[in-house]
Amino acid sequence: MLPLRQFACSWWSCLLNSRAPCVKTLVHGDQRRLFNTSNSRMTIMPAWVIDRYGSNDVLRFTKNAGFPIINYPNEVVVQVHAAGLNPIDVSMRGGYGAATMAMKRDPLNIKQSGSEFPLILGRDMSGVIMECGLDVAPAYFKEGDEVWAAIPPWKQGSLAEFVVLSANEVSKKPKCLSHIEAAAVPYVAATAWSALVNTGGLNKDNCAKKRILILGGSGGVGTFSIQMLKAWGAHVTVTCSQNAERLVRGLGVDHVVDYTAGPVEMPLRALEKFDLVLDNVGGDTESWALGLLKPWCGAKYVTLVTPFLRNTDRLGIADGMLQTGFTVASKALKIRAVVEEEFTFSQVPQAMLKVEKGHARGKTVVKISSGEDSSE
């Protein structure tokens, strides 16, 4: 007779996997292997993890990371084909927001300190659904669906072969985008949408002829924001380096100020005032950027560089989950995914260093799986 605890676990596993076990073939690198989609059979997977917070040397590759299992009937297991990296991954690697994330993972403070380790980073992902919980309606998702997602910062991330997410945290990937391109979109789309729409009050009906300034326009959030604002008829000015001007011009920017030519506040002050300033740069920008706004007309300054966790509730980035933000890319606009550089799964440390250095020209993406991609 099974012990009570073991019986309960077995019963719950059967409940979540009531169909007969299904053997599938996954492709990873040059190797093929069979696995059973039943949670009781799959136990480990390859992943990049950290066991403590610190600099880039804390990253560790393992073939024995715990396989993500479905704990709630509204969850799905996704095989990750590509993962996009963001500045928040570098910050989280160093421990930024660790206390707040611990409260989110364990609100009753039952677990010991450090229970989040080994921690998998990576917020963006594109992949294929491998298994669905019982409450996931087939009309929404089924096995084999290609999806993308922006993963909440308190969950295990996308620098792994598999990830488990709630069904409302994923959306079907546009067929016109490859997995590499799709992995460059969700988090920056959600961030841009939250900053410009939720906080800035802009939308497709009120944006025409408004003057928008984007400080740091060549990165992930900047390149997405440019396309969204131009689709809505806004006049867009950006700051970037001279060698990024061709990129942002190609996205439709009206005016470019080269920050490498000297202090940008001087040429910006010579321009007509702005209805909204989106700050992706930080530093001392707030001390002079407010003077660039139109007076007495509700103009707004929105910064994404002040402490992330202080902004998440106000901007709706962390918990609003990102569904509205990145769905706009497939339903409301024709968005071009701007991928600056692609790395292999074995090159995750190099990819992280690339993001850490800044001066982005779009997004850095890691190819996780070499499985078939019909859109590539």
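Residues numbered from 1 in each chain as written. Predicted model: local features only at pLDDT ≥ 70, side-chain atom pairs only at ≥ 80, totals over all residues. Heavy atoms only, no water.

1. Quick look at the overall build of the protein chain
Thought 1: If you tally the helices and strands in the protein chain, you get twelve helices and 16 strands.
Thought 2: The buried share among the 376 residues of the protein chain stands at 53%.
Thought 3: In the protein chain, the share of contacts with a sequence separation of at least 24, taken over all contacts with a separation of at least 6, comes to 70%.
Thought 4: Total accessible area computed for the protein chain in this model is approximately 17,700 Å², and 55% of it derives from carbon and sulfur atoms. (Helix = DSSP H or I, 4+ residues; strand = E, 2+ residues; numbered from the N terminus. Buried < 20%, exposed > 50% of the residue type's maximum accessible area, 1.4 Å probe, protein only. Contact = heavy atoms within 4.5 Å. Areas by Shrake-Rupley, 256 points an atom, 1.4 Å probe, with all protein chains shown as cover.)

2. Observations concerning the pattern of salt bridges
Side-chain pairs of opposite charge can arise where the charged atoms are in close proximity.
Thought 1: Applying the stated rule across the entire model yields twelve salt bridges.
Thought 2: Of the charged contacts, one joins Lys-142 and Asp-145 as a salt bridge, the two residues approaching to 3.3 Å between their closest N and O atoms.
Thought 3: Residue classification places Lys-142 among the partly exposed residues on the basis of a relative accessible area of 44%.
Thought 4: Under the relative-accessibility criterion, Asp-145 is labelled buried at 10%. (Salt bridge = Lys/Arg side-chain N within 4 Å of Asp/Glu carboxyl O.)

3. Re the environment of Leu-196
Thought 1: Residue placement: Leu-196 occurs in helix H5 (residues 186-199).
Thought 2: Each C-alpha atom, one on Leu-196 and one on Lys-300, is 9.8 Å from the other, the two residues being 104 residues apart in sequence.
Thought 3: Apart from residues lying up to four places away in sequence, Leu-196 is in contact with Gly-201, Leu-202, Ser-225, Met-228, Leu-229, Leu-276 and Leu-278.

4. Considerations on helix H12 (residues 348-357)
Thought 1: Val-348, Pro-349, Ala-351, Met-352, Lys-354 and Val-355 are the residues of H12 that are buried.
Thought 2: Looking one or two residues beyond H12, the residue adopting positive phi is Gly-358, at roughly 75 degrees.

5. Focus on the packing of aromatic side chains
Thought 1: Considering all chains together, one arrives at five aromatic pairs under this definition.
Thought 2: With 5.8 Å between their ring centres and 85 degrees between their planes, Phe-61 and Phe-345 make a pair best called edge-to-face. In this pair, Phe-61 is assigned in strand E4 (residues 59-66) and Phe-345 in the loop between strand E15 (339-344) and H12, connecting sequence segments 284 residues apart.
Thought 3: Classification of Phe-345 by relative accessible area gives buried; the value is 8%.
Thought 4: What links up through ring pairs into an aromatic cluster is the set Trp-48, Phe-61 and Phe-345.
Thought 5: Cation over ring: Lys-104 sits above Trp-154, and NZ or CZ is 4.7 Å from the ring centre. (Phe/Tyr/Trp six-rings, centres within 6.5 Å; stacked < 30°, edge-to-face > 60°. Lys NZ or Arg CZ within 6 Å of the ring centre and 35° of its normal.)

6. Section: unusual backbone geometry
Thought 1: Here the bond from Phe-117 into Pro-118 is cis, since omega is -5 degrees, no more than 30 degrees from zero.
Thought 2: Secondary-structure assignment places Pro-118 in the loop between helix H3 (98-105) and strand E6 (124-132).
Thought 3: Here His-359, not a glycine, exhibits a phi torsion of approximately 55 degrees, which is positive.
Thought 4: Mapping His-359 onto the fold places it in the loop between H12 and strand E16 (363-367).

7. A look at the nonpolar core
Thought 1: The biggest cluster of nonpolar side chains holds 51 residues, and the ones touching the most others in it are Leu-121, Met-125, Leu-159 and Val-366.
Thought 2: Going through the elements one at a time, strand E3 (44-50), E4, strand E5 (75-85), helix H2 (87-93), E6, strand E7 (146-150), strand E8 (162-166) and H12 are the ones with two or more residues in this core.
Thought 3: Top contributing element to this core by residue count: E5, with six residues.
Thought 4: Those residues in contact with Leu-159, other than ones at most four positions away along the chain, are Ala-47, Trp-48, Ala-83, Leu-85, Ile-120, Leu-121, Gly-122, Phe-345, Val-348, Met-352, Val-366 and Ile-368.
Thought 5: One finds Ala-192, Cys-207, Leu-229 and Val-302 within the second-largest nonpolar core, a separate group that totals 37 residues. (Core = buried A, V, L, I, M, F, W, Y, C linked by side-chain atoms within 4.5 Å.)

8. Regarding the sheet that holds strand E14 (residues 300-303)
Thought 1: Read from one edge to the other, the open sheet built from five strands follows the order E12-E11-E10-E13-E14, with strand pairing classed as parallel. Two strands close off the open sheet at either side, each with one partner strand: strand E12 (255-258) and E14. Averaged over all neighbouring strand pairs, the angle between strand axes comes to 15 degrees, with direction disregarded.
Thought 2: Pairing analysis gives four bridges linking strand E10 (residues 211-215) to strand E13 (residues 276-279), with the strands arranged parallel. By the bridge assignment for E13, Ile-212 is matched with Leu-276. (Pairing = 2+ DSSP bridges. Axes fitted to C-alpha atoms, helices over the stretch in contact; angles between N-to-C directions.)

9. A short note on the packing of H5 against helix H6 (residues 220-231)
Thought 1: It is the contact of H5 with H6, at a shortest axis distance of 9 Å, that shows an interaxial angle of 60 degrees. With respect to their mutual orientation, H5 and H6 come out oblique. Classified by chirality, the crossing of H6 by H5 is right-handed. Contact residues: H5 offers Val-188, Ala-189, Thr-191, Ala-192, Trp-193 and Leu-196, while H6 offers Gly-220, Val-221, Phe-224, Ser-225, Met-228 and Leu-229.
Thought 2: Among the residues forming the contact of H5 with H6, the class breakdown is nine nonpolar, three polar and no charged. (Parallel < 35°, antiparallel > 145°, perpendicular 65-115°, else oblique. Left-handed = near helix turned anticlockwise from the far one by under 90°. Nonpolar A, V, L, I, M, F, W, Y, C, P; charged D, E, K, R; others polar.)

10. Section: the environment of Tyr-187
Thought 1: Structurally, the position occupied by Tyr-187 is in helix H5.
Thought 2: The sequence separation of Tyr-187 and Gly-220 amounts to 33 residues, and the corresponding C-alpha distance is 8.9 Å.

11. Some words on the pairing of E8
Thought 1: Summarising burial for E8: five of the five residues are buried, a large majority.
Thought 2: Residue alternation in E8 divides its side chains into two sets, Phe-162, Val-164 and Ser-166 and Val-163 and Leu-165, and both sets are buried.
Thought 3: For E5 and E8, the ladder comprises five bridges, and the chain directions are antiparallel. The residue of E8 that forms the bridge with Gln-79 is Phe-162.

12. Notes on the environment of Arg-93
Thought 1: For Arg-93, the location among the structural elements is in helix H2.
Thought 2: On the basis of relative accessible area, Arg-93 is assigned to the buried category, the value being 4%.
Thought 3: The contact partners of Arg-93, leaving out residues within four places of it in the chain, are Ile-50, Arg-52, Tyr-53, Gly-54, Ser-55, Asn-56, Val-58, Leu-121, Met-352 and Glu-356.
Thought 4: In terms of polar contacts, Arg-93 uses its side chain to reach the side chain of Asn-56, at 2.8 Å.
Thought 5: Within the local environment of Arg-93, its side chain forms a polar contact with the side chain of Glu-356, the two groups lying 3.0 Å apart. (Polar contact = N/O pair within 3.5 Å; in protein donor to acceptor, adjacent residues only side chain to side chain.)

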